[in-house]
Amino acid sequence: MKPPLGEATLRDLALHYAARFATTGARLEGYLVRKIRERGQAEDADGRTIEIDIPALVARLVELGYVDDDAYARARARDLGARGYGARRVEETLRHAGVGEGLRQAHAPGEAASRRAAALMARKRRLGPYGASAEEGGDPLAARKAREKAVAAMLRAGHQYEHTRFILAARSLEDVEEWLGEAADEEGTDEQW
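Each chain has its residues counted from 1, following the order in which its sequence is written. Per-residue local features are limited, in this predicted model, to residues with pLDDT of at least 70; the limit for side-chain atom pairs, both in listing and counting, is 80 or more; totals at the level of whole chains, interfaces and linings are taken over all residues. Side-chain figures throughout are based on the complete set of non-hydrogen atoms in the structure, without hydrogens or water.

1. Observations concerning the packing of helix H2 (residues 25-39) against helix H3 (residues 54-64)
Step number 1: In the contact formed by H2 and H3, the axes pass within 10 Å of each other and the chain directions differ by 140°. Judged by the inter-axis angle, H2 sits oblique to H3. For the pair H2 and H3, the sense of crossing is right-handed. Two secondary-structure elements touch here, H2 through Gly25, Leu28, Glu29, Leu32, Val33 and Ile36 and H3 through Ile54, Pro55, Leu57, Val58 and Leu61.
Step number 2: Put simply, Ala, Val, Leu, Ile, Met, Phe, Trp, Tyr, Cys and Pro go in the nonpolar bin, Asp, Glu, Lys and Arg in the charged bin, and everything else, Gly too, in the polar bin. Residues belonging to the contact of H2 with H3 are distributed by class as follows: 9 nonpolar, 1 polar and 1 charged. In this analysis an axis means a line fitted to C-alpha atoms, helices contributing only their contacting stretch, and an angle means the value between N-to-C directions, from 0 to 180 degrees. Here a strand is any run of E in DSSP of at least two residues, a helix any run of H or I of at least four, and the numbering for each starts at the N terminus. Note on terminology: angles under 35 degrees are roughly parallel, angles over 145 are roughly antiparallel, angles of 65 to 115 are roughly perpendicular, and the others are oblique. Each crossing gets its handedness from the near helix: less than a right angle anticlockwise from the far helix is left-handed, clockwise is right-handed. Throughout, a contact is declared for two residues whenever any of their heavy atoms are within 4.5 Å.

Next up, the structure:
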């Protein structure tokens, strides 16, 4: 059994965690609380429990730049968008990681980035114009079920219903490219998420 945690040991655990994982202050604090719950706190020579100020320890690591919620939110939002996840999923992931409301809003994808992510998801899953052409005269029930399944997959990935509906109804890849270009022009950006 591992010994109870003192302040130096807890600080070392925090540094090791911050060096190994991209994290937020809230996640690091949760990790340290869990470690204390698992191993307990050390006692001084008189047998009294040594109180460790975890929020102060986390604040010090933030101050030193080892933990940066803004950098974490920026990287995580960019990563999720590049994997084809929508704005709702990005916001949910950042909230779960303990990123504050202001940073979540600052790193929320814009319209152009949201559309690019939806198109990427459709391409990866071979949905809409990216999928195999539906045969004329095919089973309408099977086509309906496939569409419902595609809509559900896109919504679970955090995409807006309007984006999902447009992509699944698009007749050609050119329609999707034009739709993506419109949003990029409106935002005045050509950069990738």
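2. Observations regarding the pattern of salt bridges
Step number 1: A pair is scored as a salt bridge if a Lys or Arg side-chain nitrogen falls within 4 Å of a carboxyl oxygen belonging to Asp or Glu. Under the definition given, this model contains 11 salt bridges.
Step number 2: Notably, a salt bridge pairs glutamate 91 with arginine 104, separated by 2.7 Å at the nearest N-O pair. Of the two residues, glutamate 91 sits in helix H5 (residues 87-96) while arginine 104 sits in helix H6 (residues 101-106), which places them 13 residues apart along the sequence.
Step number 3: Taken together, the shared-partner salt bridges in this structure form one network comprising Glu91, Arg95, Glu101 and Arg104.

3. A short note on the packing of aromatic side chains
Step number 1: Two rings from Phe, Tyr or Trp (for Trp, the six-membered ring) form a pair when their centres are within 6.5 Å of each other. A pair whose planes differ by under 30 degrees is stacked, one over 60 is edge-to-face, and the rest are tilted. The full count for this structure, using the stated rule, is 3 aromatic pairs.
Step number 2: Both rings, one in phenylalanine 166 and one in tryptophan 179, keep their centres 4.6 Å apart while their planes meet at 20°; by these two values the pair is stacked. Of this pair, phenylalanine 166 sits in helix H9 (residues 161-169) while tryptophan 179 sits in helix H10 (residues 173-187), and the two are 13 residues apart along the sequence.
Step number 3: Any residue under 20% of the maximum accessible area for its type is buried, any over 50% is exposed, and the rest in between are partly exposed; the area is computed with a 1.4 Å probe on protein chains only. Given the relative accessible area of 29%, phenylalanine 166 is considered partly exposed.
Step number 4: Each residue in the set Tyr17, Phe21 and Tyr31 is aromatic and connected to the rest through ring pairs, giving one cluster.

4. Concerning a negative patch on the surface
Step number 1: A grouping of Glu174, Asp175, Glu177, Glu178, Glu182, Asp185, Glu186 and Glu187 is seen on the molecular surface, where their side chains present a negatively charged patch.
Step number 2: Looking at the element boundaries, glutamate 177 is found in helix H10. Each patch is built from residues lacking any salt bridge and having more than 30% relative accessible area; the joining distance is 9 Å for like charges and 5 Å for nonpolar side chains (Val, Leu, Ile, Met, Phe, Trp, Tyr). The method behind every accessible area is Shrake-Rupley, applied with a 1.4 Å probe, and residues are considered shielded solely by the protein chains displayed. His residues and chain termini do not enter the charge count, which takes Lys and Arg as positive and Asp and Glu as negative. Each charge is placed at NZ for Lys, CZ for Arg, CG for Asp and CD for Glu.

5. A look at the packing of helix H8 (residues 140-156) against H9
Step number 1: Relative to each other, H8 and H9 sit at 140°, their axes nearing to 10 Å. By the criterion of interaxial angle, the relationship of H8 to H9 is oblique. In the crossing of H8 with H9, the sense of the turn from one axis to the other is right-handed. Every residue of H9 that contacts H8 at Arg147, Ala150, Val151, Met154 and Leu155 is listed here: Tyr161, Thr164, Arg165, Leu168 and Ala169.
Step number 2: Each residue belonging to the contact of H8 with H9 can be placed in one class, and the counts come to 7 nonpolar, 1 polar and 2 charged.

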